[in-house]
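Residue strings, one per chain:
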Amino acid sequence: MIASVERSQVSGEVAVPPSKSYTHRAITISALGPGGSVKRPLLSADTRATIAAAEALGAEIAIEGETLAVAGVGGRPKTPDNVIDVENSGTTLRIMAAVAALTDGAVLTGDASIRGRPNGPLLKSLNDLGGEAFSIKRNDCAPLVVRGKIRGGRTVLDGRVSSQFLSALLISCPLAEDEAEIVIDGELKSRPYAEITLEMLEEAGGKVETDFERFFIQGGQRYHLEEYTVPGDFSSASYLLAAAAVTGSRLMVRGLRPSRQGDSAIVSILRDMGAKISWDQEKGDLVIEGGDLEGVEVDASLTPDLVPTIAVLGSLARGKTVVKNAEHVRHKETDRLSAMAMELSKMGADIEERPDGLVIEGGRLEGAIVSGHHDHRIVMALTVAGLAAGDTRIDTAESVSVSYPSFFEDMARIGCLVEVGG
Ligand SMILES: O=C(O)C1=C[C@@H](OP(=O)(O)O)[C@@H](O)[C@H](O)C1
Ligand SMILES: C=C(OP(=O)(O)O)C(=O)O
């Protein structure tokens, strides 16, 4: 589908969708215990893939209005009858591969993007912990074959590629028989996502001891996540906030309470760039007023999903914006450093791709025909660019369903001139 965006202002108020990362974890951890209810979950393509995978592993999950009623497996996931298709969701692939390593085994695969994303460190660790796991094509990518059962033991995990490998092991190891020790090699990228995993495990009674270099996990644990309400998503919020910032508009964004989500850094990044922000943290209401923006330097190690948004903000700000420490942003739905450099260049941006980031000399953007690369975050970021530039067409717009299915409806409701069709 093509999204056509015209120059426009935004106004009024909008509520952010629920967090994708918390929803994945709430479903999985609830499904691994006796079950319970997950309230206000994000229902998107990625989280539906997690629901389907949890069902394949023996849980029963019913969507009842704004709640998921989960009947769990009580610590013993069952061997799936069929291949698990995670579609476009890296989080689902990594977490469910480790959960499948508690069963007799499974085959996991997904769409073309998933079949190009790396899993080497996770496969190594599952083998170190007593399981058997390999990539059919021997390229570390899906299709993956996982055979049980991990028992425990010690493994060294490369932290530089994705935190999802660690999150996956943190969720599965407590249910294995013996104690496990995970030692992180190199800088742990995207650490806040591992912190979200630990927070959710703690909610469910799971215990992990760590100084973030080593993780000690007792075996034979059980989870119980009786009821959990999913918080708002700061990565999704970044597009709404950026839309106000680049168009000089005033917007109230609701559903944003302080959170472990690393992407809550979007608030301080926008402040640093010169946007006026007032935030009632208790209510979760944030009011932003855009205007002239200044370039910033951002270390994206902890916040990879903000990079497309920051690239657009930097292209429209005065002066230089530098994004660094973002090598891992190349291993997402697409290589997002290369995709953003390519597409924003078509809109007239002065943007240079570096091995670990982007250097942008801000200025104006012009309308153009651009590609969303089948990547939800590229599509949403380019929509924001189109709001400032006008006359912009973005292909593969349907991919917003991965994390923010009502994105275009929400944008239209706050005044964005956008039409989706074809
Ligand atoms: O665990 C998670 O929920 C996620 C972890 C991050 O990935 P990496 O750890 O691979 O950087 C992030 O980019 C992704 O959108 C969601
Ligand atoms: C990279 C993302 O998710 P995942 O890794 O789950 O595909 C994302 O949502 O930007």
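Residues numbered from 1 in each chain as written. Chains lettered and ligands numbered in written order. Predicted model: local features only at pLDDT ≥ 70, side-chain atom pairs only at ≥ 80, totals over all residues. Heavy atoms only, no water.

Asker: Just to check I follow, could you spell out the packing of aromatic side chains for this structure?
Answerer: Two descriptors summarise a pair of aromatic rings, namely the distance from one centre to the other and the angle between the planes of the rings. Counting across every chain of the model gives 6 aromatic pairs. With centroids separated by 5.4 Å and ring planes inclined at 70°, the aromatic side chains of Tyr 404 and Phe 407 adopt a geometry described as edge-to-face. Seen from their ring centres, Phe 407 and Phe 408 are 5.1 Å apart, and the 65° between their planes marks the pair as edge-to-face. Using a relative accessible area of 0% as the deciding quantity, one classes Phe 407 as buried. An aromatic cluster is defined as three or more aromatic residues linked by ring pairs; in this entry it consists of Tyr 239, Tyr 404, Phe 407 and Phe 408. The lysine or arginine in question, Arg 191, covers the ring of Phe 212, its NZ or CZ lying 3.6 Å from the ring centre. (Phe/Tyr/Trp six-rings, centres within 6.5 Å; stacked < 30°, edge-to-face > 60°. Buried < 20%, exposed > 50% of the residue type's maximum accessible area, 1.4 Å probe, protein only. Lys NZ or Arg CZ within 6 Å of the ring centre and 35° of its normal.)

Asker: Looking at this structure, how should I read the site of ligand 2?
Answerer: In the vicinity of ligand 2 lie 13 residues, with Lys 20, Gly 90, Thr 91, Arg 117 and Arg 377 positioned nearest. Residue Gly 90 places a main-chain N or O atom 2.8 Å away from an oxygen atom belonging to ligand 2. Look at ligand 2: alone it shows 290 Å² of surface, and the protein chains cover 98% of it. With respect to the detected pockets, ligand 2 is housed in the largest cavity. When contributions to the shell around ligand 2 are tallied by element, the ones reaching two or more residues are helix H3 (90–100) and helix H11 (376–389). (Near = heavy atom within 4 Å. Polar contact = N/O pair within 3.5 Å; in protein donor to acceptor, adjacent residues only side chain to side chain. Areas by Shrake-Rupley, 256 points an atom, 1.4 Å probe, with all protein chains shown as cover. 1 Å grid on protein atoms, 1.4 Å probe; cavity = no way out; pocket = protein on both sides within 12 Å on 5 of 7 lines; lining within 4 Å. Sits in = over half its atoms within 2 Å of the grid points. Helix = DSSP H or I, 4+ residues; strand = E, 2+ residues; numbered from the N terminus.)

Asker: Can you walk me through helix H7 (residues 234–247) in this structure?
Answerer: Helix length check: H7 (14 residues) gives 20 Å between terminal C-alpha atoms against 20 Å at 1.5 Å per residue, within 8%. Counting buried positions along H7 yields 14 of 14 residues, so the element is predominantly enclosed. The N-capping residue of H7, defined by a side-chain oxygen 2.8 Å from the backbone nitrogen of Ser 235, is Asp 233. After H7 finishes, the residue Gly 248 shows a positive phi value of roughly 65°. (Expected span 1.5 Å × (residues − 1).)

Asker: Can you walk me through the pairing of strand E3 (residues 35–39) in this structure?
Answerer: Looking along a regular strand, one sees the side chains alternate between the two faces of the sheet. Across the 5 residues that make up E3, a large majority, 4, are buried. The sheet contact formed by E3 and strand E5 (residues 67–71) spans 5 bridges and is antiparallel. Each residue of the ladder has a partner; that of Ser 37, found in E5, is Ala 69. For E3 and strand E14 (residues 227–229), the ladder comprises 3 bridges, and the chain directions are parallel. Residue Lys 39 lies in a different strand from E14, and its bridge partner there is Thr 229. (Pairing = 2+ DSSP bridges.)

Asker: Explain the domain arrangement of the chain to me, please; I cannot follow it from the model alone.
Answerer: Think of interface size as the accessible area that goes away when the parts come together; that is how it is often given. Looking at the chain, the domain boundaries give domain 1 (2–17 + 232–421) and domain 2 (20–229). Each of domain 1 and domain 2 has a C-alpha centre, and these two points are 29 Å apart. Taken together, the contact pairs 25 residues of domain 1 with 23 residues of domain 2. Summed over the shared surface of domain 1 and domain 2, the result is 3 salt bridges. Between Arg 117 and Glu 333 there is a salt bridge; the shortest N-O distance is 3.7 Å. The tally of links from domain 1 across to domain 2 stands at 13 residue pairs in polar contact (both at pLDDT 80 or more). (Domains from an automatic or database assignment. Contact = heavy atoms within 4.5 Å. Salt bridge = Lys/Arg side-chain N within 4 Å of Asp/Glu carboxyl O.)

Asker: Even after reading the chapter, I still don't get empty space enclosed by the protein, so can you show me in this structure?
Answerer: Empty space left among the atoms is revealed by rolling a probe the size of a water molecule over them. Within the structure shown, the criterion is met by 3 cavities of 30 Å³ or more. What the largest cavity holds in volume is close to 310 Å³. What lines the largest cavity is a set of 28 residues, and nearest its centre among them are Lys 20, Thr 91, Gln 164, Tyr 193 and Asp 305. Among the elements of the structure, helix H1 (20–32), H3, helix H6 (191–203) and H11 are those that each provide at least two residues to the lining of the largest cavity. No other element matches H1, which puts 4 residues into the lining of the largest cavity. Of the residues belonging to the lining of the largest cavity, the class tally is 3 nonpolar, 14 polar and 11 charged. Split by domain, the lining of the largest cavity shows at least three residues from each of two domains, domain 1 (2–17 + 232–421) and domain 2 (20–229). Taken as a whole, the second largest cavity encloses approximately 60 Å³ of empty space. Contributing to the lining of the second largest cavity are Thr 28, Ala 31, Leu 32, Ala 54, Leu 57, Ala 59, Val 73, Pro 77, Met 96 and Val 99. Those elements giving two or more residues to the lining of the second largest cavity turn out to be H1 and H3. No other element matches H1, which puts 3 residues into the lining of the second largest cavity. A per-class count over the lining of the second largest cavity returns 9 nonpolar, 1 polar and no charged. (Points joined across faces, edges and corners; volume = space filled by probe spheres on them. Nonpolar A, V, L, I, M, F, W, Y, C, P; charged D, E, K, R; others polar.)

Asker: Would you explain the nonpolar core in this entry?
Answerer: Side chains that are nonpolar tend, in soluble globular proteins, to be buried together. Within the largest apolar cluster, 74 residues are counted, with the highest numbers of intra-cluster contacts made by Ile 288 and Leu 344. Ignoring sequence-local partners within four residues, the contact set of Ile 288 consists of Leu 241, Ala 244, Ala 245, Ser 249, Arg 250, Leu 251, Leu 270, Ala 275, Lys 276 and Ile 277. Ranked by size, the runner-up nonpolar core spans 68 residues in total, among them Ala 54, Val 73, Ala 97 and Leu 198. (Core = buried A, V, L, I, M, F, W, Y, C linked by side-chain atoms within 4.5 Å.)

Asker: In this structure, what is going on with the UniProt feature "binding site: phosphoenolpyruvate" (unreviewed entry) in the chain? I would like to understand it.
Answerer: On the UniProt side, "binding site: phosphoenolpyruvate" (unreviewed entry) is annotated at positions that read Lys 20, Gly 90, Arg 117, Gln 164, Arg 336 and Arg 377 here. As for the annotated residues, the ones lining the largest cavity are Lys 20, Gly 90, Arg 117, Gln 164, Arg 336 and Arg 377. With respect to the helices, strands and loops of the structure, Gly 90 is situated in helix H3. On the basis of relative accessible area, Gly 90 is assigned to the buried category, the value being 4%. When residues no more than four places from it in sequence are discounted, the contact partners of Gly 90 are Ile 114, Arg 117 and Gln 164. Tracing the backbone shows Arg 377 in helix H11. Residues within four places of Arg 377 in sequence aside, it is in contact with Lys 20, Ser 235, Tyr 239, Asp 305, Pro 308, Arg 336 and Ser 403. (UniProt positions renumbered as here; feature names shortened; annotations may be inferred.)

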